[in-house]
Amino acid sequence: MTHTHIVIMAGGVGSRLYPISTPEHPKQFIDLLGCGKTLIQLTYDRFREVDPEARFWVVTSARYIPFIREQLPDIPPDQILAEPEPRNTAPCIALACWKIRRKDPGANIIVSPSDAYVPDCKAFACTMRTALDFTRTCQAIVCVGIHPDSPHTGYGYIHAPGATDGVTKVASFKEKPSLEIAQGYLSEGGYFWNAGIFVWNIDTIEAELRSHAPQICGVMDALSPAFYTPEEPAALERLFPTCEKISIDYAVMEKSSQVFMIPGHWVWSDLGSFEAIEKISGKKLK
């Protein structure tokens, strides 16, 4: 039986929302919307709707572990992974996937940021289950695209011409564009905001990382004998900082021939600006 694993990336400092979000207490651990739950709690609840039996993992900075334990007490301590220092998303994702493989070599995995806003949990769950069904049986990386409602220059774009409801092959990834280029994307059509959510099975992501990010894989292979032993913290402290500092987008997504996209037909925001939060909460923040 294939199990679903949800990896929540929660190591960011939310610098764009300073001084509300600070390195000591970043936005994912704050009730930014005044709804009684922090952003990471909302993320956790949303993914519980995708699969109530899913196994959850959080990758975060060592100094944020107390927030995770307090706000997500149901996640087992050995599934809360502390990065000794930030090395961007490729090493973060590799660490989680190497650890998951040791426990579940047939895992089907979703990787997600901890701080997005998606109010329609049922529609979100339906999209994610479709993506999981796709990766369960084939070698594919599925990313989630959001229909752009403005020529936003703060998001990366996915070019997936012809995408409608199901899973579609991705033509290319585009970096955060200038306003003029973003306007061109919207008028041309077939371009989506990159929500930063990825779905894959364990064999696919390992093969893609070995192909495109061998240095990081070498570090993980050296680390793995210490997993789930008393030696793990010291080995992590010594080896993880030697990983190349690179995002999963640069390391794998832009190089892989196995990338697909599923569009999310639901409201989404990364809550990356005061304006975005004020628009949703209806409250002035500053």
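Quick summary incoming for the structure in this document. Note that the structure is a prediction, hence the values are computed from the model and not measured. (Residues numbered from 1 in each chain as written. Predicted model: local features only at pLDDT ≥ 70, side-chain atom pairs only at ≥ 80, totals over all residues. Heavy atoms only, no water.)

1. Regarding the layout of surface pockets
The gaps of empty space that remain are located by a probe, the size of a water molecule, rolled over the atoms. For clarity, the threshold we go by: Only protein atoms enter the 1 Å grid used here, on which a cavity is any set of points holding a 1.4 Å probe that cannot leave and a pocket is any open set flanked by protein within 12 Å on both sides along at least five of seven lines; residues with an atom within 4 Å of a point are listed as lining. Grid points are joined across faces, edges and corners, and a volume is the space filled by probe spheres set on the points. Numbering goes from the N terminus for both helices and strands, where a helix is a DSSP run of H or I of at least four residues and a strand is a run of E of at least two.
For the largest pocket, the calculated volume is near 1400 Å³. Forming the boundary of the largest pocket are 47 residues, of which Arg-16, Asn-88, Thr-89, Pro-113 and Lys-176 lie nearest the centre. If you list the elements that add at least two residues to the lining of the largest pocket, you get strand 2 (55-61), helix 3 (89-103), strand 8 (172-174), strand 9 (191-201) and helix 9 (248-253). The leading source of residues in the lining of the largest pocket is strand 9, at four residues. When its volume is computed, the second largest pocket comes out at roughly 430 Å³. Along the wall of the second largest pocket there are 21 residues; nearest its centre are Tyr-155, Trp-193, Trp-268, Ser-269 and Lys-279.

2. Considerations on the packing of helix 6 (residues 202-212) against helix 7 (residues 214-223)
The line we're drawing: Fitted lines through C-alpha atoms give the axes, limited to the stretch in contact for helices. The angle between two N-to-C directions lies from 0 to 180 degrees. Any angle that falls under 35 degrees is termed roughly parallel, while one over 145 is termed roughly antiparallel, one within 65 to 115 roughly perpendicular, and all others oblique. Two residues qualify as a contact provided that any one of their heavy atoms is within 4.5 Å of a heavy atom in the partner residue. Only Asp, Glu, Lys and Arg are considered charged in this grouping, and only Ala, Val, Leu, Ile, Met, Phe, Trp, Tyr, Cys and Pro are considered nonpolar; every other residue, Gly among them, is considered polar.
In contact at an axis separation of 6 Å, helix 6 and helix 7 are set at 120° when each is read in the N-to-C sense. As far as their axial angle goes, helix 7 and helix 6 are oblique. The segment helix 6 lies against helix 7, with Leu-209, Arg-210, Ser-211 and His-212 engaging Pro-214, Cys-217 and Asp-221. Looking at the contact of helix 6 with helix 7 residue by residue, the class counts come to three nonpolar, two polar and two charged.

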